[in-house]
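# Report on the structure
Here's the letter readout for the chains.
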Amino acid sequence: CPVTKETAQEAHTPWGLVSLANLAHRRIIPFSGDVAANVYQCLDCLGCWSACDLNNNVPELLHAFRVRAYEEDLAPIPLYSFSHHFREKNNPYGIDLASRTAELTRGMKVDGASGTIYFTGCTTLAFSPRSVAAWVSLHAKLQIPCPPVFQEPVLCCGYPLYAAGDMSQFKDIAQLQYHTLREAQ
């Protein structure tokens, strides 16, 4: 567990996190903001699950507790402002992703019959926009038309909301993306 290696706290080990969640679930300790803060330490890297001889899906269990914490207003306070900010901008970075996508893909040759859509995603557009430009450039150099690029107003899959435990907003984004992608076929 990378978090355990970094923090060196037993409460942040997979065993410690599951134990805290279990104690709170059984009402031996109160499910409080402090307990929730520990549950949010997991990175969802799946390392504990793949290393577990018993195949216990620790990330899934911890996610269920994040959802509970979020719904009971026990999640770390910055997550609520994050969700509000996400709702305003349709992505976690507060940038106009549709404009950035249009700028990066301007003038590219598109193969609309490919049956494929390139979904760049918010993190790529925010932190690695040159990789999108390189992708377009590579297709141009090889003289291969690009699949159409997903250019809808919401260019985020919603995973940051899922990780925060904000399942209501995550489901809204997932439904929106599902229907948008279906219509694009």
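Before reading further, recall that the structure is shown in the block above.
The rules behind each value
- Residues numbered from 1 in each chain as written.
- Predicted model: local features only at pLDDT ≥ 70, side-chain atom pairs only at ≥ 80, totals over all residues.
- Heavy atoms only, no water.
- Axes fitted to C-alpha atoms, helices over the stretch in contact; angles between N-to-C directions.
- Helix = DSSP H or I, 4+ residues; strand = E, 2+ residues; numbered from the N terminus.
- Left-handed = near helix turned anticlockwise from the far one by under 90°.
- Contact = heavy atoms within 4.5 Å.
- Nonpolar A, V, L, I, M, F, W, Y, C, P; charged D, E, K, R; others polar.
- Salt bridge = Lys/Arg side-chain N within 4 Å of Asp/Glu carboxyl O.
- Buried < 20%, exposed > 50% of the residue type's maximum accessible area, 1.4 Å probe, protein only.
- Parallel < 35°, antiparallel > 145°, perpendicular 65-115°, else oblique.
- Expected span 1.5 Å × (residues − 1).
- Arc of directions from axis to C-beta.
- Patch = residues over 30% accessible without salt bridge, like charges linked within 9 Å, V, L, I, M, F, W, Y side chains within 5 Å.
- Areas by Shrake-Rupley, 256 points an atom, 1.4 Å probe, with all protein chains shown as cover.

## Description of the packing of helix H7 (residues 97-105) against helix H9 (residues 129-141)
Closest axis-to-axis distance for the H7/H9 pair is 9 Å, and the angle between their directions is 35 degrees. Once H7 is placed against H9, the crossing between them reads as right-handed. Here Arg 100, Leu 104 and Thr 105 of H7 lie close against H9, whose contacting residues are Pro 129, Val 132, Ala 133 and Val 136. Residue classes in the contact of H7 with H9 are distributed as five nonpolar, one polar and one charged.

## Details of the pattern of salt bridges
Inspection of the entire model under this criterion finds two salt bridges. Across the pair Asp 44 and Arg 66 runs a salt bridge whose closest N-O atoms are separated by 3.1 Å. Of this pair, Asp 44 sits in the loop between helix H3 (33-39) and helix H4 (47-51) while Arg 66 sits in helix H5 (residues 58-71), and the two are 22 residues apart along the sequence. Look at Arg 66 and you get buried, because its relative accessible area is 2%.

## Brief notes about the packing of helix H2 (residues 14-25) against H5
Where H2 contacts H5, the axes come no closer than 10 Å and their chain directions differ by 45 degrees. In terms of orientation, H2 lies oblique with respect to H5. Every pair of crossing elements has a handedness; the one defined by H2 and H5 is left-handed. Between H2, through Pro 14, Leu 17, Val 18, Ala 21, Ala 24 and His 25, and H5, the contact on the second element is made entirely by Val 58, Leu 61, Leu 62, Phe 65 and Arg 68. Classifying every residue of the contact of H2 with H5 by side-chain character gives nine nonpolar, one polar and one charged.

## Overview of H2
Look at H2: 16 Å from first C-alpha to last across twelve residues, which is about the 16 Å you get at 1.5 Å a residue. Buried within H2 are the following residues: Gly 16, Leu 17, Leu 20, Ala 21 and Ala 24. All buried residues of H2 project into a common sector of 130 degrees when viewed along the axis, lining one side. Those residues of H2 that are exposed and aimed more than 90 degrees away from the buried face are Trp 15 and His 25. Buried residues along H2 sit in contact with H3 and H5. Two residues or fewer after H2 comes Arg 27, characterised by a positive phi angle close to 60 degrees.

## Some remarks on a nonpolar patch on the surface
A grouping of Leu 138, Leu 142 and Ile 144 is seen on the molecular surface, where their side chains present a nonpolar patch of about 280 Å² in accessible area. Relative to the elements of secondary structure, Leu 142 occurs in the loop between H9 and helix H10 (159-164).

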